[in-house]
Amino acid sequence: MIRTKRKINKLRGSRSNGGGCTKKRRGAGNKGGKGKAGAGKQHWTWTVIHDPDHFGKHGFKRPQKMIKKVNSVNLSYLEEKADELIASGKASMDGDAIVIDVTELGYDKVLAKGKISKTFKISAPKFSASAIEKIEEVGGEAIEL
């Protein structure tokens, strides 16, 4: 049956508001704890309805030793820094091609972001397929270590 008036409105003016003896509802001691206290005991019904995944383990975390962090570099970066790398001795010229070993720069993989106009001979442990395509399009060479 649907109440037309809220029960509390009916009970206004009565001493206990439908709670029996007034001492039963007095103070925070009758709350049964703060927050999620008693979630597995006296508030179990609430837990089942509102937070069923509260207990137990869910999913998994991969061990850190299994996760390989790949440090990658884009072709656009190599294009921009080519002159600086030659000046500092980290890259060299082979005819008209610029020879770069990206492992010396601290990178593991070459990605294809950006456009290149210079000819490169890049050696790296890994290349993206599009990076190899772009390097060879300009007449360069991608050497996998």
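This text follows the structure it describes.
The shown structure was predicted, so the numbers you read here are calculated from the model rather than taken from an experiment.

K.L.:
What exactly am I supposed to notice about the overall build of the chain here?
P.N.:
Across its full length, the chain carries five helices and seven strands. In the chain, the succession of helices and strands from N to C terminus is α-α-β-α-β-β-α-β-β-β-α-β. Taking 2.2 N^0.38 as the reference for a compact globule, 145 residues should give roughly 15 Å; the C-alpha atoms of the chain span a radius of gyration of 35 Å, well beyond that estimate. Across its three principal axes, the chain shows a C-alpha extent of roughly 100 × 35 × 30 Å. Counting every position in the chain, which comprises 145 residues, the buried fraction comes to 19%. In the chain, once contacts between residues fewer than 6 apart in sequence are set aside, the share between residues at least 24 apart is 30%. Total accessible area on the chain stands at roughly 11200 Å², and carbon and sulfur atoms take up 51% of it. Averaging the positions of the 30 positive and the 16 negative side-chain charges in the chain gives two centres separated by 39 Å.

K.L.:
Is there a simple way to think about a negative patch on the surface in this case?
P.N.:
There is a patch of like negative charges on the surface, built from Glu133, Glu136, Glu137 and Glu141. Sort the elements by how many residues they give to the negative patch and helix H5 (residues 129-137) lands first, with three residues. Examined against the element boundaries, glutamate 133 turns out to sit in helix H5.

K.L.:
What should I look at first to understand the environment of valine 138 in this one?
P.N.:
When you line up the elements, valine 138 lands in the loop between H5 and strand E7 (141-144). Look at valine 138 and you get partly exposed, because its relative accessible area is 28%. Separated by 20 residues in the primary sequence, valine 138 and lysine 118 place their C-alpha atoms 7.1 Å from one another. Here valine 138 is in contact with Ile116, Ser117, Lys118 and Thr119, once residues within four sequence places are set aside.

K.L.:
It is not clear to me how the nonpolar core should be interpreted in this structure. Could you clarify?
P.N.:
The nonpolar side chains of a soluble globular protein tend to be buried with one another. Within the largest apolar cluster, 19 residues are counted, with the highest numbers of intra-cluster contacts made by Leu75, Leu78, Ile100, Val102, Val110, Phe120 and Ile122. Those elements that provide at least two residues to this core are helix H3 (75-88), strand E3 (97-101), strand E5 (120-124) and H5. Per-element accounting of this core gives the leading share, four residues, to H3.

K.L.:
Could you clarify how one ought to interpret the sheet that holds E5 in this entry?
P.N.:
Adjacent strands of a sheet pair through backbone hydrogen bonds, lying either parallel or antiparallel. Taken together, four strands build an open sheet; the order of strands is E2-E3-E5-E7 and the sheet is mixed. Bordering the open sheet on either side are strand E2 (91-94) and E7, each of which pairs with just one other strand. Each strand of the sheet is rotated relative to its neighbour by a mean of 20°, with strand direction disregarded. In terms of strand pairing, E3 meets E5 through four bridges, oriented parallel. Bridge assignment links isoleucine 100 to a residue of E5, and that residue is isoleucine 122. Along the sheet, H5 contacts E5 and E7; its crossing angle with E7, the most-contacted strand, is approximately 140°.

K.L.:
Can you help me understand H3 in this one?
P.N.:
At 3.6 residues per turn, the α-helix brings residues three or four places apart onto the same side. For H3, spanning 14 residues, the distance from its first C-alpha to its last is 19 Å, which sits close to the expected 20 Å at 1.5 Å a residue. Considering bend angle alone, the principal kink of H3 is centred on lysine 81 and spans about 60°. Backbone geometry just after H3 places glycine 89 at a positive phi near 90°.

Conventions we followed
Residues numbered from 1 in each chain as written. Predicted model: local features only at pLDDT ≥ 70, side-chain atom pairs only at ≥ 80, totals over all residues. Heavy atoms only, no water. Helix = DSSP H or I, 4+ residues; strand = E, 2+ residues; numbered from the N terminus. Rg over C-alpha atoms; globule rule 2.2 N^0.38 Å. Buried < 20%, exposed > 50% of the residue type's maximum accessible area, 1.4 Å probe, protein only. Contact = heavy atoms within 4.5 Å. Areas by Shrake-Rupley, 256 points an atom, 1.4 Å probe, with all protein chains shown as cover. Lys, Arg positive; Asp, Glu negative; His and termini not counted. Charge placed at Lys NZ, Arg CZ, Asp CG, Glu CD. Patch = residues over 30% accessible without salt bridge, like charges linked within 9 Å, V, L, I, M, F, W, Y side chains within 5 Å. Salt bridge = Lys/Arg side-chain N within 4 Å of Asp/Glu carboxyl O. Core = buried A, V, L, I, M, F, W, Y, C linked by side-chain atoms within 4.5 Å. Pairing = 2+ DSSP bridges. Axes fitted to C-alpha atoms, helices over the stretch in contact; angles between N-to-C directions. Expected span 1.5 Å × (residues − 1). Bend = angle between axes of the 7 residues up to and from the residue.

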